[in-house]
Each structure stands twice: as structure tokens, then as C-alpha cells.
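Summary of structural features
Here are the chains, one letter per residue:
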Amino acid sequence: MVEEARGTEEIDRRVAALLDRMSLEEKIGQMSLVNAGESYIHDDLAEGLRAGRVGGVLNEVDVGTVNELQRIAVEESRLGIPLLIGRDVIHGFKTVMPIPLGQAATWNPDLVMQAARVAAYEAASHGVNWTFAPMIDVCRDPRWGRIAECFGEDPHLASVLGVAMLRGFQGPDLGRPDAIAACAKHFAGYGAVESGRDYAAANVPENELRNVHLRPFRAAVDAGVATIMTSFSEVDGVPATANERLVRRILKDEWAFGGFVVSDWDSVRQLRIHGLTADDRESCREAVTAGVDMEMHGDAYTVHLPALVRGDELDEELIDAAVRRILRLKFRLGLFERPYTDPAAFLPCASEASLATARQAALQSVVLLRNEHRVLPMSPEALRSLAVIGPLADAGDEQLGTWVFDGDPGLSVTPLQAIRDLAAGRFDVQYLRAMETSRSRDTRAFDEAATLAGQCDATVLFLGEEAILSGEAHCRADINLPGAQAELVARVREAGKPVIAVILAGRPLTLANIVDKADAILYAWHPGTMGGPAIADLLFGIESPSGKLPVSFPRMVGQIPIYYSHKNTGKPPTPDSVVHIDNIDPKARQLSLGMTSFHFDAGYTPLFAFGHGLSYTSFEYSSIRVSRDQIRLGESFHVHADLRNTGAIGAEEVVQLYVRDLVGNVTRPVRELKGFRRVRLEPGQQVVVDFELHTDDLAFHGRDMRLVVEPGEFQVWIGGSSEAGLRAEFRVVPPA
Ligand code: BGC
């Protein structure tokens, strides 16, 4: 019966039959998502459920309470429509995976999918059937606290990983008890908020919007994402929640999105605060007209929609269309057949397998930024003593990162614990926290830190940002290591022993002031529950680092936005056109200094490039080939290169392929990621890495905003970062 009900036609028939029986108020009720929580059902919520005024509830994860909510909806309301139960399961439920930006650094869609599968299973065991993830905003501004929640700066990487995550949540079949509906957010342009200040306006021209910010959403729609959330901010003067062009015309009409659109938290009523509308009634009309099917937390729809429809200001067909979309998902989830959750049918959370996935995800997320004199990996046998210093070495809750409503810090294994376990008496571990928090300016413990560093063979510093410094509304204008951490690095450095910095943070930090003072830097993001063991395995060479940066690291904040797929400009910089501010000739005239696109004090390159990440072995790329010099429009072709592990240990490499379209009717980026693959190579092993591309992969939105592939010359690179130098050319020609 459940199987049968899920056939699209059958579902449409059932939706139509149900809709026929619904009063206007009951329809509007389905469009309302109400906040609950605290394992308690308030009287007015219970009353709303009985009256059919609630379509979904968010933030209740006590399974008994969830079942009671469902029971009231199903047994005590006139039509017995079950509820959507929503929750932000952003990077894990009880078992916390690395923050999404860290997961992006794995460049491993299978692992991202697996991590989401674990999260879905654990959340579903608590009655959750809908999550507000993946967040697929493309972000090129590390000041924005929400960069932690996204997959970084590149639309292709965000598309592939976003699709992997939503497939992990939704599983092969939404009707399975352990599948939950995904919600791609925030539609659209939210990653481009001005100065990385949350909720600010995003000024993105349509061509950039389509070629960059909308791409992951298009991919999510094509992959069958169940729902999409509008963004809090405005694009081109119109807040997303009232943006008819974005929501109705592009998402629903042009892309034929079949799921439903939910507002962000109270973002319907915020239309008035934006200054777009005069009151909630007008906001309600704007949002429904734009195509926002469900209002999250806010009562504009419930209060004003009935009168707007009865007063002929809104066509009831708009309401019917929204309700159809919502009911369809409830049928697809099998909620009419199975509204209740039996926790006994699930394995307990944080199972061995879940923790193993979290550990693997953490392991692959860590990026080795620098490793001078091959100071890493350390050898447990050769080491006599290790100083472990810093505010984030033993902070089980901080390593979980932002958005961990349900994460259990008690499950966290910290780096200090893991290093002690790994030492197991073989070497001595001396720990000093040195700073109360990452923000502390108190340097009183620094003498002791310097002394300790001098007494030990090496020091590992655990630096970065606490979880609270990133995430929604948690933005920074200065993205250096906060507090007195740079001074701590300098003091420990003075001891003259090897210094290894492990940085835990929710964003790329500007590291120019410490980069030369650490022999090695491992960037661990907020690595989640199993961050400690993953980091320890990397420090001691049980595993080799394989993470790659999903976002460029600026040298200083003034370079932002800095990203690899920028435009060439009419005056592109070259190494010899750059003049540093300290070297300006006193006799220089206005037109004598390079006259290319760079900053006097920062040049034009990032400190660490997109795609960068070192390994304990070395990889050599050679012999890039394109299967044909000329490719006809509409054809597939192959690009391959040889890859050899020239080092002494087996390790994984993320092979990346970039393309440049040399001429376009709108200018094209200097490089665009078009493919990537994780491969494992044993020492001395050589493989051919092959990528199949189709000319459709070269498409972009042109001046008329239509998707086009233009015949012409292309360059292609294969390598280990966006700075890959191994290049070939090909030409796309019109069809025969
Ligand atoms: C955030 C969303 C989130 C929602 C529900 C909002 O403040 O912007 O991303 O899903 O809250 O918690």
C-alpha cells in the first residue's frame, strides 16, 4: 500500500481528493510551520493542531512529544493530516560531522553522502522527517559567519557536494522510515551579503547570479531536492522572500521545481522591516505571489491569507498550488501511512559505524597548508616529549562547531585525549591551555608556554576560533586569529623547537602574521565529534593529509572577495608587474607602477589557493591529453593525465580539472573547476586519471541570460590545486 501510494499519479490523485475536502483555513494551515520545542506541547499549539491550522512543526526532537504532536494532528483534527517535523540537522545529529565547509575540504561526495545518511538516520529515530540542509550558498567572503555552513567558493564543488548531501538525507526512497526530506537553502545570493555581514543586502547582477550562485540550486532541483528555503537578504532591491522573479519565474517555471518553498525564520513578516511593505498583510500577499508556499515561524499567512483570498486580492488557486506541493511531500514521505516514529526500530545514535564515518570525514577534511622541513608527521618512537598548548586542544564542545542543536559534546574525543591515547607511554605529553578562550588577551601563561616548548622536543599548538565565532549572525571584520594567539605563537617559536599549528575554525582565517612562525599548519575547521583521533592520526602519520581547500585563504582581509575563478580584467597582473608599497620608488609617477590589477600591500594572490592541500607523499602530474583537438558541440570527450606517487608512502590525492573558455559573449573566469576525483596511490604507483566531459559542461549564461556553449578555444588544466600548471588546449566546433 505504501509503495503504491508513492506512485506520482496515485499521490496526485490523493492530494486532489484531500484538497477537495479542505476549507480555506485548513489549506492555509498547511502553509504554516510553527516553532515548538522543549518537549512540551503548549495549549495553543495543541488547539492549532486540532483546528488544522498547522502544517508542520520545527524544533521538537523528543520522540515522545513528536509522536504526541502527530497523534493530535492525525486523530484529533478533522482531516487527520500528519505533520512535517523540521530541524536544522546541518552536520550531524548526535554524532557530529565536520562543519559543511570542512566536509567540502574532503572533496569526497560519497563521504558527504554517507555523513548525511548517518545524520538522517539519527534524526529520523527522533521523529524528524525534514531538515533545513544542505546550505548551498556560494560564499567568497570569510567574514560571513555562515561560510562555516556552506561548501565554499565554487559553484561546481557546491553543486556536487550539495547533491551528495541531499541524497544522503533523502536516501534512495523518501518513503523509507530513515529518510528525511532535505531543504536546499538559502535561495538565493545569500552568500554574497555585503561585507560578509549577515542579513545584509546582496548585490549580484543577474549574469553572476545565474553563472555562480544559482548553479548549485539548479543541481539540487535536478537531483530531486524536496524543498527550498528563501534567503533572509535581498537581491537587487527585492528580498528573496518576496522575489517573484527568483522563486516563481526561475525556480518554479523555468526549472520546473516540483517541491515546495519555505520562507526563512519569520522572513515573511520581515518584508515590512526591510521596507518593502507597509504591513504584514502586504508582506503576506507579496510572499504568496512570489511563490513562497510555507511560512516558517510567523503568523502573517494564518492571520492575513483568509481575508486576502476572500477579498479577491489573492487567487485561491495560488493557495491550492502551494498546498498541493506540501501535501505531495507528506505523501511521498509516507506520513499518511506511518505518522509515528518507533525509536525501538532504530539502532541507538552514535553507533560504532556512525562514529567511524565521523572520524573518516574529519580525517579527509583536514588540510595540510604548510610543512617545512617535513616536520610532520612526527614519529611516536623518535619523540621523547610533546608540548600540547592552546585553548582548543581539549575543548570537546568547541570542536563541534556551529549549528549543533542536538550534538552531544559528551561524545567528543578531543585532540589532547587522542594524542595521549596514541602516546600510550611511548612519549611524554605535557599540556597547557595557556588561554581561557581563543579570544583571551591575557598573556600571563605565555612565559610558562615558552618554557614548556623549550623543554619538549616539539610543540603542537591548538589555535583558532571557538564555535560561537562563526555561524548565523556571527560575522567578523577582522579574521586574524582572535585574542593574543599570534603572540602565543611568537613566544612558543622563540623556544627554537619545531612548532606545529593545528587550527580549528569555522572560516578561513588570515594567517599571514603567523604563517612563518609555524613549521607546519594543519587546518582542521571544526572537525566534529571525532576530530581528536583524526588529527592525532595525521600528526603521527598513521594517515596522510588529503583535504584540499574549498575556499581561497586571503593574506589580509582587504583582499576579500578573493577567489580563484575571477575574471581576467583588461589589465591582468603578473609577478613582475606587482610593486610592493615598501618598494615604491620616491620618483615614481602615477603611470609608472605596473598599472595592473593588484594591491600595493597584498599583491594579487591568496595566501593559500583554492584546491591547495599538501600530503606526506609527493605527487607528480604529467602528459595531459585531450582525446580530440576538435570537439563538436553536443559531444563528449576525455581529458586525462598521468599521476604518479613519487614519495615513500601510500596516500590519497584530490585530482582537479579546470577549464578556461578564452572568449565569450560575456567574459568567462580565468579558470573554472569542472571535475575532481579522489584517488589513492601506493608509493611509485602511476595511474592515468581520466575525466569525461561533455560540451554541456562548458555552458554558461550569456548576455541574454540563456544557457549557451560557444564554439571556440579552451584551455584545460589537471593538477592538485587551482594553481595547476599542466595545461592542454582544445577547440569546440559547431555540430556537423
Ligand atoms: C536560518 C535557517 C534555519 C532556520 C531554522 C534561520 O535563522 O537562517 O538557515 O534553517 O533559522 O532554524
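Look up: the structure comes first, before these words.
Let me begin by describing the structure that accompanies this report. The shown structure was predicted, so the numbers you read here are calculated from the model rather than taken from an experiment.

Scoring rules and cut-offs
Residues numbered from 1 in each chain as written. Predicted model: local features only at pLDDT ≥ 70, side-chain atom pairs only at ≥ 80, totals over all residues. Heavy atoms only, no water. Near = heavy atom within 4 Å. Polar contact = N/O pair within 3.5 Å; in protein donor to acceptor, adjacent residues only side chain to side chain. Areas by Shrake-Rupley, 256 points an atom, 1.4 Å probe, with all protein chains shown as cover. 1 Å grid on protein atoms, 1.4 Å probe; cavity = no way out; pocket = protein on both sides within 12 Å on 5 of 7 lines; lining within 4 Å. Points joined across faces, edges and corners; volume = space filled by probe spheres on them. Nonpolar A, V, L, I, M, F, W, Y, C, P; charged D, E, K, R; others polar. Helix = DSSP H or I, 4+ residues; strand = E, 2+ residues; numbered from the N terminus. Buried < 20%, exposed > 50% of the residue type's maximum accessible area, 1.4 Å probe, protein only. Core = buried A, V, L, I, M, F, W, Y, C linked by side-chain atoms within 4.5 Å. Phe/Tyr/Trp six-rings, centres within 6.5 Å; stacked < 30°, edge-to-face > 60°. Pairing = 2+ DSSP bridges. Axes fitted to C-alpha atoms, helices over the stretch in contact; angles between N-to-C directions. Arc of directions from axis to C-beta. Contact = heavy atoms within 4.5 Å. Expected span 1.5 Å × (residues − 1). Parallel < 35°, antiparallel > 145°, perpendicular 65-115°, else oblique.

The full set of residues close to the ligand is Asp88, Phe132, Arg146, Lys185, His186, Met229, Phe232, Asp264, Trp265, Met296, Trp403 and Glu472. Separating an oxygen atom of the ligand from a side-chain N or O atom of Asp264 is a distance of 2.5 Å. Bound to the protein, the ligand loses 94% of the 310 Å² it would expose on its own.

Overall, the coordinates contain three cavities of 30 Å³ or more when judged by the stated rule. Approximately 100 Å³ is the volume attributed to the largest cavity. Along its surface, the largest cavity is lined by Glu26, Gln30, Leu49, Gly52, Val54, Ala73, Ser77, Arg78, Leu79, Gly80, Ile81 and Leu83. Taken together, the residues of the lining of the largest cavity sort by class into six nonpolar, four polar and two charged.

Quick look at unusual backbone geometry now. Most peptide bonds are trans, and most residues other than glycine sit at a negative phi. For the bond running from Lys185 to His186, omega is 0°, close enough to zero to count as cis. Within the element layout of this structure, His186 appears in strand β5 (residues 183-187). In this chain, Leu376 is followed by Pro377 through a cis amide linkage whose omega measures -5°. With respect to the secondary-structure elements, Pro377 resides in the loop between β11 (367-371) and β12 (385-389). The residue Ala350 is not glycine, and still its phi comes out positive at about 55°. Locating Ala350 in the fold gives a position in the loop between α15 (316-332) and α16 (352-365). Take Ala350: its relative accessible area is 18%, and that puts it in the buried class. One non-glycine residue, Met705, lies in positive phi territory at about 70°. Relative to the helices and strands, Met705 is located in the loop between β23 (700-701) and β24 (707-708).

Okay, the nonpolar core next. Counting residues in hydrophobic clusters, the biggest one holds 104 residues, and the most contacted among them are Trp130 and Phe187. The dominant element in this core, judged by the number of residues it contributes, is helix α8 (residues 155-170), at eight residues. Of all hydrophobic cores here, the second largest spans 51 residues; its members include Leu481, Ile503, Ile514 and Val551.

This part takes up the packing of aromatic side chains. Overall, the coordinates contain 22 aromatic pairs when judged by the stated rule. A ring pair is formed by Trp107 and Phe676, whose centres lie 5.3 Å apart and whose planes are at 85°; its orientation type is edge-to-face. Note that Trp107 is positioned in the loop between α6 (100-104) and α7 (109-124) and Phe676 in strand β21 (residues 672-681), a separation of 569 residues in sequence. For Trp107, a relative accessible area of 1% puts it in the buried group. A centroid spacing of 6.5 Å and a plane angle of 75° characterise the contact between Tyr190 and Phe232, whose relative ring orientation is edge-to-face. Pair noted here: Tyr190 is in the loop between β5 and α9 (206-213) and Phe232 is in the loop between β6 (227-230) and β7 (234-235), with a separation of 42 residues, a long-range link.

The next thing to look at is the sheet that holds strand β9 (residues 260-262). The strands making up a sheet are joined through hydrogen bonds of the backbone, oriented either antiparallel or parallel. Spatial ordering of the open sheet is given by β5-β6-β9, a layout of three strands whose pairing is parallel. The two strands at the open ends of the sheet, each matched to only one other strand, are β5 and β9. The sheet shows a mean angle of 30° between the axes of neighbouring strands, taken without regard to direction. As defined by bridge partners, β6 adjoins β9 across three bridges and the pair is classed as parallel.

Its location among the elements puts Pro575 in the loop between α20 (531-539) and β17 (619-626). On a C-alpha basis, the gap between Pro575 and Ala602 in space is 12 Å, while along the polypeptide they are 27 residues apart.

Attention now goes to the sheet that holds strand β18 (residues 630-632). Taking strand neighbours across the sheet as the criterion, the five strands line up as β18-β26-β25-β20-β21 in an open arrangement whose pairing is mixed. In this open sheet, the two edge strands, each paired with only one partner strand, are β18 and β21. Taking the axes of each pair of neighbouring strands and ignoring which way they run, one obtains an average angle of 25° across the sheet. The pairing of strand β20 (residues 651-661) with β21 spans nine bridges and is antiparallel. Residue pairing for β21: Glu652 is matched across the bridge by Arg680.

Our next topic: the layout of surface pockets. Estimates place the volume of the largest pocket at around 810 Å³. As for the largest pocket, its lining consists of 31 residues, and the residues nearest its centre are Tyr563, Tyr564, His566, Tyr604 and Val670. For the lining of the largest pocket, the class distribution of residues is 14 nonpolar, 12 polar and five charged. The space that makes up the second largest pocket amounts to roughly 650 Å³. What lines the second largest pocket is a set of 22 residues, among which Ser159, Arg215, Arg218, Ala219 and Asp696 lie closest to the centre. For the lining of the second largest pocket, the secondary-structure elements that each account for two or more residues are α8, α9, α10 (215-222), β22 (686-694) and β23. Of all the elements, α10 adds the most residues to the lining of the second largest pocket, at four residues. Classifying every residue of the lining of the second largest pocket gives nine nonpolar, four polar and nine charged.

It is worth spelling out helix α18 (residues 446-455) at this point. Buried within α18 are the following residues: Phe446, Ala449, Ala450, Leu452 and Ala453. Along the axis of α18, the buried positions cluster into a sector of 165°, meaning they face one direction only. Facing away from the buried side of α18 by over 90 degrees, the exposed positions are Asp447 and Gln455. Those residues of α18 hidden inside the fold are in contact with β12, β13 (428-432), β14 (458-464) and α19 (485-494).

End to end, helix α5 (residues 63-76) covers 19 Å across 14 residues, agreeing with the expected 20 Å (1.5 Å per residue, within 8%). Among the residues of α5, Val63, Thr65, Val66, Asn67, Leu69, Gln70, Ile72 and Ala73 are the ones counted as buried. Those residues of α5 that are buried lie in contact with α4 (43-50), β2 (56-58) and β3 (84-87).

Turning our eyes to something else, we now look at the side chain of Asn67. Relative to the assigned elements, Asn67 resides in helix α5. Classification of Asn67 by relative accessible area gives buried; the value is 18%. Within the structure, the side chain of Asn67 is placed 2.8 Å from the backbone oxygen of Thr341, a separation counted as a polar contact.

So, about the environment of Ser636. Its place among the elements puts Ser636 in strand β19 (residues 636-645). Remark: the alpha-carbon pair of Ser636 and His694, spanning 58 residues in sequence, is separated by 4.1 Å. Sequence-distant contacts of Ser636, defined by excluding residues within four places in its chain, comprise Arg628, Glu692, Leu693 and His694.

One way to put it is that helix α13 (residues 280-290) packs onto helix α14 (residues 300-310) with a least axis distance of 9 Å and a crossing angle of 80°. Viewed along their axes, α13 and α14 adopt a mutual orientation that is roughly perpendicular. Residues Asp280, Arg281, Cys284, Arg285, Ala287 and Val288 of α13 form the contact with α14, whose own contacting residues are Ala300, Tyr301, His304, Leu305, Ala307 and Leu308. Counted by class, the contact of α13 with α14 contains eight nonpolar, one polar and three charged residues.

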